[in-house]
Amino acid sequence: MSPLPAADDLLPFSDSAARADQLGELQPEALALLHHRGWLTLLAPRAVGGGEWALPDVVRLEEAVAAADGSAAWVLTLCAGAAWFAGFWPHDLARELLATPGVCLAGSGATTGVAERDGAGWRVSGHWAHASGAPWATHFTFNAALQEGGQPVLDAAGQPRVRSFVVPAAQVTLHKTWHSQGLRASRSDAFELRDAWVAERQVFDIAVDAATHGGPLYRFPFRAFACVTLGANLLGLAGRFLALAGPLIEQRAQRRGLSDSAALAGWRAADAALREARERFYAALDAAWGHAAAGQPVSAPVAAELEALSQALVASARDAISQTYPACGLWAADMRSELNRVWRDFHTASQHAIWLG
């Protein structure tokens, strides 16, 4: 396992963040760091070439990277998350894909494609609206609804059967559609497949009982896994916003001849509330991981608690920023400022569907 980075190790992210935001894509030094440290495959099984980090270490890394550059953290989280799916692939396929030079997996969890049975595979067509890191991806993952003979394939409950697929980037058509106010450098563009044939070995299910590797990472239910990793991004961004806002609010109070002010007291309260939410979040995550690492399943109540604490963490982060932003003055609205970039990144990341119910 790679160690967690020191602050100086993240300088390629923080030093290039403003330029990346302005140009609308991660800069070469940031991409080089992601690849050099093996962070884009840190969630893939070690046996097939991944890092297989402990989940709490991954989450803490994502928080730290988000504080340095929200876009870099978003690409790390979503692309490393797609590589986590290697724990559900056949071993030979996982080794083959992870050995790709410059390997980077991007994708979408939306079911906006259809897969029609075609011999020993599937004929796939669809359009997926957002795939973070799309321009740098060597492979894409996505969900599609299955059909045979033009009719939906149904599961045991009588619902349309949905499965996940992984394909090389050469089969995908990219569309430069990412025009969000924040996470601008993440290039969360759309992609499309048109009548592409995909072999059966490239189709998989994301479920604990479908894992092809026995490590604790692959015993985590998907939604709890997604909540804690995405939540780390919001936590890192909110922490950075408060770290930038505190001195600014204090300076504004001093210029007005106030040793203290309601605005400064509000910032302190927001910072304290976020720290408390962070402690609860990590305590639950560390405990759940401890049980999983000891070979125990992640129970439904434990998974539900992780999801609830992630939602509470994001709510606390949102409250902290909304309470503090008005006291920061026009500098917070200046798109040249780091404070504004972090604000834009946070409010874009917090619009992910997982936080919207």
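Located above this text is the structure these notes cover.
Residues numbered from 1 in each chain as written. Predicted model: local features only at pLDDT ≥ 70, side-chain atom pairs only at ≥ 80, totals over all residues. Heavy atoms only, no water.

## Remarks on the packing of helix 1 (residues 11–23) against helix 2 (residues 28–36)
Then, number 1: Between helix 1 and helix 2, whose axes approach to 8 Å, the crossing angle comes to 145 degrees. Helix-helix and strand crossings are classified by hand; for helix 1 and helix 2 the assignment is left-handed. Between helix 1 and helix 2, the contacting residues are Pro-12, Phe-13, Ser-16 and Arg-19 on the first element and Glu-29, Ala-30, Leu-33 and Leu-34 on the second.
Then, number 2: Of the residues contributing to the contact of helix 1 with helix 2, the split by class is five nonpolar, one polar and two charged. (Axes fitted to C-alpha atoms, helices over the stretch in contact; angles between N-to-C directions. Helix = DSSP H or I, 4+ residues; strand = E, 2+ residues; numbered from the N terminus. Left-handed = near helix turned anticlockwise from the far one by under 90°. Contact = heavy atoms within 4.5 Å. Nonpolar A, V, L, I, M, F, W, Y, C, P; charged D, E, K, R; others polar.)

## Describing the pattern of salt bridges
Then, number 1: Using the criterion set out here, one finds 21 salt bridges in the structure.
Then, number 2: The salt bridge partner of Arg-163 is Glu-200, with a shortest N-O separation of 3.3 Å. One end of the pair, Arg-163, is in strand 5 (residues 162–168); the other, Glu-200, is in the loop between strand 7 (189–199) and strand 8 (203–204), with 37 residues separating them in the sequence.
Then, number 3: Relative accessible area serves as the criterion here: at 15%, Arg-163 is assigned to the buried category.
Then, number 4: Residue Arg-275 is joined to Asp-271 by a salt bridge in which the shortest nitrogen-to-oxygen separation is 2.8 Å. Pair noted here: Arg-275 and Asp-271 are both in helix 7 (residues 262–293), with a separation of four residues, about one helical turn.
Then, number 5: Via salt bridges that share partners, Arg-117, Arg-161, Arg-163, Glu-200 and Asp-205 belong to a single interconnected network. (Salt bridge = Lys/Arg side-chain N within 4 Å of Asp/Glu carboxyl O. Buried < 20%, exposed > 50% of the residue type's maximum accessible area, 1.4 Å probe, protein only.)

## A few points about the environment of Ala-106
Then, number 1: Along the chain, the position of Ala-106 falls in strand 1 (residues 105–118).
Then, number 2: The exposure class of Ala-106 is buried, given its relative accessible area of 1%.
Then, number 3: C-alpha separation for the pair Ala-106 and Gly-246, spaced 140 residues apart in sequence, amounts to 36 Å.
Then, number 4: If we skip the residues at most four places from it in the chain, Ala-106 touches Cys-79, Ala-82, Ala-131, Ser-132, Gly-133, Ala-134, Ala-137, His-139, Phe-140 and Thr-141.

## Some thoughts on the nonpolar core
Then, number 1: If you look at the biggest cluster of nonpolar residues, it comprises 119 residues, and the most contacted ones within it are Phe-13, Trp-39, Leu-55, Trp-89 and Phe-165.
Then, number 2: Broken down by element, the residue count for this core peaks at 16 residues, all from helix 6 (residues 222–255).
Then, number 3: Excluding residues within four positions of it along the chain, Phe-13 makes contact with Ala-30, Leu-33, Leu-34, Trp-39, Val-65, Ala-68, Asp-69 and Ala-72. (Core = buried A, V, L, I, M, F, W, Y, C linked by side-chain atoms within 4.5 Å.)

## So, the packing of helix 7 against helix 8 (residues 300–324)
Then, number 1: Helix 8 packs onto helix 7 with a crossing angle of 165 degrees between their chain directions and a minimal axis gap of 9 Å. One finds that helix 7 runs roughly antiparallel with respect to helix 8. Considering how the two elements wind past one another, helix 7 and helix 8 form a crossing that is left-handed. Residues Trp-267, Ala-270, Ala-273, Leu-274, Ala-277, Arg-278, Arg-280, Phe-281, Ala-284, Leu-285 and Ala-288 of helix 7 touch helix 8, and the partners they reach there are Val-302, Glu-305, Leu-306, Leu-309, Ser-310, Leu-313, Ser-316, Ala-317, Ala-320, Gln-323 and Thr-324. (Parallel < 35°, antiparallel > 145°, perpendicular 65-115°, else oblique.)

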